[in-house]
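For reference, the chains in residue letters:
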Amino acid sequence: MRKLYTQHRALDGLALRRLEPVVIPSRDGLRLNCYLTRPVEAAAGVVPLVLVIHGGPYYRDTWGFSPVHQWLANRGYAVLAVSYRGSTGFGKAFITAADHEWGGKMHGDLIDAVDWAIAQGIADPKRVGFFGGSYGGYSALVAATKTPDVFACIVDLFGISNLVTFMATIPPYWGPWISVWKNRLGDPGTETGRAFLVERSPLTHIERAVKPILIAQGMRDVRVVAAESEQMVNALKQRGVPVTYITFADEGHGFVRPENRLAFYGVTEAFLAKHLGGACQPIGNDFAGSSLKVETGAELVPGLRG
């Protein structure tokens, strides 16, 4: 091989960590193709782990440069991205294995991945965090309300809290997908389907939530509308669960403006450092030019208040 060019000149000379492809078996025999990044600190023993879960769910992670993996590894965390059932690129049977398994076997795959990382001597079982957006945000809320003992803290980006209200607010341009969603997830137009959606909604099981949660939302999001985050935040506050809620008035389904991304990452790494013990750059001018607004819970994240 010979070098052709440098794609990211700003990364020249930086000590990036290797992205390792790993295969993790699920409890029912599926092969979960995953990506692992270990920090320098891993050489000395177990380290805190952040589970980074992609959205979609009919999407996948790919091998290559990942800013999120490199950022978290630089802060001292092992980072594990999991191709749970339903992820694309592994055959139709792997996708259909996720039918009617939102909050079920799809979540079981993530727990299997955490158990694997602990058994391999990579992760400290008392310092495991969850980081996910969209469907990954839904998974984060499922983790908070279904398996709270596994995770020390949760980061949810524009996640679905109530599958019934989510299905009712699907944007018009998703019209051709509606029948697919009904078959794969559940049909809110039938009594059985609606009952299933209610049972698999994190909001239904709010009484199980106890761990600290950071929730971020773009207020122009038409895929997962702000009400999904707001109803979760209100329910958590009523139960006294520590929750920090930040919003971005000029963002939609994903944070596009660099100023907003920097602000979100600044809050997130301070939150993770408090609960997982990784390194953290103190919040300074990270919010310059950002539309970030702290709706509640500023006192729960170091450096966020004031």
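What you see is a predicted model; the values in this text were computed from it and never measured.

Cut-off values and rules
- Residues numbered from 1 in each chain as written.
- Predicted model: local features only at pLDDT ≥ 70, side-chain atom pairs only at ≥ 80, totals over all residues.
- Heavy atoms only, no water.
- Helix = DSSP H or I, 4+ residues; strand = E, 2+ residues; numbered from the N terminus.
- Rg over C-alpha atoms; globule rule 2.2 N^0.38 Å.
- Buried < 20%, exposed > 50% of the residue type's maximum accessible area, 1.4 Å probe, protein only.
- Contact = heavy atoms within 4.5 Å.
- Lys, Arg positive; Asp, Glu negative; His and termini not counted.
- Charge placed at Lys NZ, Arg CZ, Asp CG, Glu CD.
- Salt bridge = Lys/Arg side-chain N within 4 Å of Asp/Glu carboxyl O.
- 1 Å grid on protein atoms, 1.4 Å probe; cavity = no way out; pocket = protein on both sides within 12 Å on 5 of 7 lines; lining within 4 Å.
- Points joined across faces, edges and corners; volume = space filled by probe spheres on them.
- Nonpolar A, V, L, I, M, F, W, Y, C, P; charged D, E, K, R; others polar.
- Expected span 1.5 Å × (residues − 1).
- Axes fitted to C-alpha atoms, helices over the stretch in contact; angles between N-to-C directions.
- Parallel < 35°, antiparallel > 145°, perpendicular 65-115°, else oblique.
- Core = buried A, V, L, I, M, F, W, Y, C linked by side-chain atoms within 4.5 Å.
- Phe/Tyr/Trp six-rings, centres within 6.5 Å; stacked < 30°, edge-to-face > 60°.
- Lys NZ or Arg CZ within 6 Å of the ring centre and 35° of its normal.
- Pairing = 2+ DSSP bridges.

## Topic: the overall build of the chain
- Counting secondary structure elements, the chain contains nine helices and nine strands.
- Here the C-alpha radius of gyration of the chain, 19 Å, is about what a compact globule of 306 residues would show, namely 19 Å.
- By its C-alpha atoms, the chain is 60 × 45 × 40 Å across when sized along the principal axes.
- Buried positions account for 54% of the 306 residues belonging to the chain.
- Sequence-distant contacts, at least 24 apart, represent 73% of the contacts inside the chain between residues at least 6 apart.
- Averaging the positions of the 31 positive and the 27 negative side-chain charges in the chain gives two centres separated by 4 Å.

## Side note on the pattern of salt bridges
- Applying the stated criterion across every chain, the model contains 12 salt bridges.
- The salt bridge partner of Arg38 is Glu20, with a shortest N-O separation of 2.9 Å. One end of the pair, Arg38, is in the loop between strand E2 (31-37) and strand E3 (47-53); the other, Glu20, is in strand E1 (residues 19-25), with 18 residues separating them in the sequence.
- According to the relative accessible area criterion, Glu20 is buried, its value standing at 15%.

## Points about the layout of surface pockets
- In this structure, the largest pocket spans a volume of roughly 1200 Å³.
- Every residue lining the largest pocket is counted, 41 residues in all, and those nearest its centre are Ile53, His54, Gly55, Tyr59 and Gly133.
- Contributions of two or more residues to the lining of the largest pocket are made by E3, helix H1 (67-74), strand E5 (123-133) and helix H9 (258-276).
- Of the residues contributing to the lining of the largest pocket, the split by class is 25 nonpolar, 12 polar and four charged.
- The calculated volume of the second largest pocket comes to roughly 340 Å³.
- Surrounding the second largest pocket, 13 residues form its lining, Pro67, Trp71, Arg75, Leu262 and Tyr265 being those nearest its centre.
- For the lining of the second largest pocket, the secondary-structure elements that each account for two or more residues are H1 and H9.
- Per-element accounting of the lining of the second largest pocket gives the leading share, six residues, to H9.
- Tallied by class, the residues present in the lining of the second largest pocket amount to seven nonpolar, two polar and four charged.

## As for H9
- The terminal C-alpha atoms of H9, which comprises 19 residues, lie 26 Å apart, in line with the 27 Å expected from a rise of 1.5 Å per residue.
- Here H9 has its buried residues at Asn260, Ala263, Phe264, Gly266, Val267, Thr268, Glu269, Ala270, Phe271, Leu272, Ala273 and Leu276.
- Looking one or two residues past H9, Gly277 carries a phi angle of roughly 85°, positive in sign.

## A few points about the packing of helix H3 (residues 105-119) against helix H4 (residues 135-146)
- Contact geometry of H3 with H4 gives a least axis separation of 11 Å together with a crossing angle of 75°. Overall, the two elements H3 and H4 adopt an arrangement that is roughly perpendicular. Taken together, the residues of H4 that come into contact with H3 (itself represented by Met106, His107 and Leu110) are Tyr135, Ser139, Val142, Ala143 and Lys146.
- Grouping the amino acids of the contact of H3 with H4 by side-chain chemistry returns five nonpolar, two polar and one charged.

## Section: the nonpolar core
- In terms of nonpolar packing, the biggest core is built from 60 residues, with Leu51, Leu80, Trp102, Phe130, Phe151 and Leu236 touching the most fellow members.
- Setting aside its immediate chain neighbours within four residues, Leu236 contacts Ile206, Ala209, Ile213, Ile215, Val241 and Val243.

## A word on the packing of aromatic side chains
- Applying the stated criterion across every chain, the model contains 19 aromatic pairs.
- Pairing Tyr135 with Tyr138 gives two aromatic rings, centres 5.4 Å apart and planes at 45°, and the pair type is tilted. Placement of the pair is Tyr135 and Tyr138 together in helix H4, with a separation of three residues, close to one helical turn.
- Given the relative accessible area of 0%, Tyr138 is considered buried.
- Stacked on the ring of Tyr58, the Lys or Arg Arg184 has its end atom at 4.2 Å from the ring centre.

## Focus: the sheet that holds E3
- Overall, mixed pairing links the nine strands, which are arranged E1-E2-E4-E3-E5-E6-E7-E8-E9 in an open sheet. Lying at the two open borders of the sheet, with one neighbouring strand each, are E1 and strand E9 (292-296). With direction set aside, neighbouring strand axes in the sheet form an average angle of 20°.
- Judged from the five bridges that link them, E5 and strand E6 (residues 153-157) form a sheet pairing that is parallel. Directly across from Phe130, in E6, lies its bridge partner Ile154.
- Contacts from H1 reach E1, E2, E3, strand E4 (78-82) and E5, with the element oriented near 150° to E4.
- Packing against the sheet, H9 makes contact with E3, E5, E6, strand E7 (213-218), strand E8 (243-248) and E9, and its axis sits at approximately 165° to E6.

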